[in-house]
Amino acid sequence: MTPRRPSRPGSADLLTMLGQLTAQAREGAEFQQARVELAEALQRELLPSALPVLPGLRSAARYAPARRGLDIGGDWYDGFRVPQGAVAFSIGDVQGHDVAATAFMGQVRVCLRAVASVVVDPGEVLSRANEVLLAMDCELFATCTLLRFDPGTGELASARAGHVPSVWATVDGRYGIAEDTGGLPLGMLPGSAYPVTRRRLTRAGTIVLVTDGVVEGPSFPIDVGLERVVGIVREAAGAEPDELAAEVMKVADSTGHADDAAVLVIGHDAVA
């Protein structure tokens, strides 16, 4: 007997199969879109809606979600008023990009704000926040940089907890990477100390703080990323912070980052 050829689906069968595949693809796309919208909404709620404004001081920030996981993570930026007419800025990174990292990020931000409302010295703020976070018995830790600016004296005090160095430039051509002495990340070891570096903003310029998701990527070392940021900031030290933040965030795109990324730009006028 001549073997029978397998029957080929008719037009109706093909249309049915195509309809099923289309429905599945639509459901997948809708689920992905819903996931992205949920992640963005959660991140918006945990990050500040606005940064403080002071005479002679302007600021702006950008955030880019992670490219893997739930598209949420532990990077943050913040700015808030503190006693004695000063203002504080913080930027940091909790390890991981999932709900736990995001929740811990929110706790760190609240903790820093609470301590900074009663403690002036940024190093002491980080020390006390570290003890509070350890008492919460969470297995995560966070890197962080905390700045306190006093508009009355022009003093900028900073403390660093294992975080990426900041970049600075002035309109008269000075620039560099502020590799100030720092301490361990928050939530790692009891009794950690955080040295404070004090500067006076006597020249108009810009200070840029980033998380490692901006300056580090696959086969892209962090020092190379920082030098790229230095180049951008040096060329645009007097630019509007919002424009500069957008330009710095492009460095993250060039690294092919998989981590989330945050940029905080502080522009200041010369203090007499």
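Just so you know, these numbers come straight off a predicted model, no measurement behind them. (Residues numbered from 1 in each chain as written. Predicted model: local features only at pLDDT ≥ 70, side-chain atom pairs only at ≥ 80, totals over all residues. Heavy atoms only, no water.)

A. Representation of the overall build of the protein. Helix and strand counts for the protein stand at six helices and ten strands. Evaluated residue by residue, the protein yields a buried proportion of 46% over its 272 residues. Within the protein, residue pairs in contact and separated by at least 24 positions form 73% of the contacts whose partners lie at least 6 positions apart. Of the roughly 13,700 Å² of accessible surface on the protein, 56% is carried by carbon and sulfur atoms. (Helix = DSSP H or I, 4+ residues; strand = E, 2+ residues; numbered from the N terminus. Buried < 20%, exposed > 50% of the residue type's maximum accessible area, 1.4 Å probe, protein only. Contact = heavy atoms within 4.5 Å. Areas by Shrake-Rupley, 256 points an atom, 1.4 Å probe, with all protein chains shown as cover.)

B. Region of the structure containing the nonpolar core. Residues Trp76, Tyr77, Val108, Leu112, Leu126, Leu186 and Leu264 are the most contacted members of the largest nonpolar core, which totals 44 residues. Of all the elements, helix α2 (residues 99-116) adds the most residues to this core, at eight residues. When near neighbours in sequence (up to four residues on either side) are disregarded, Leu126 contacts Leu112, Cys144, Leu146, Ala159, Arg160, Ala161, Leu186 and Tyr194. (Core = buried A, V, L, I, M, F, W, Y, C linked by side-chain atoms within 4.5 Å.)

C. Just the environment of Ala66, in detail. If you trace the backbone, Ala66 turns up in the loop between β1 (57-64) and β2 (74-82). Assessed through its relative accessible area of 3%, Ala66 is described here as buried. Once the C-alpha coordinates of Ala66 and Gly213 are considered, the two residues, 147 residues apart in sequence, prove to be 8.5 Å apart.

D. Seen up close, the packing of aromatic side chains. In the structure shown here, the tally under the stated rule is zero aromatic pairs. Positioned over the ring face of Tyr175 is Arg234, at 4.9 Å from the centre of the ring. (Phe/Tyr/Trp six-rings, centres within 6.5 Å; stacked < 30°, edge-to-face > 60°. Lys NZ or Arg CZ within 6 Å of the ring centre and 35° of its normal.)

E. The arrangement of the pairing of strand β10 (residues 261-268) in detail. The buried fraction of β10 amounts to eight of the eight residues, a majority that puts the element mostly inside the structure. Along β10, one buried face is formed by Ala261, Val263, Val265 and Gly267 and the opposite face, lined by Ala262, Leu264, Ile266 and His268, is buried too.

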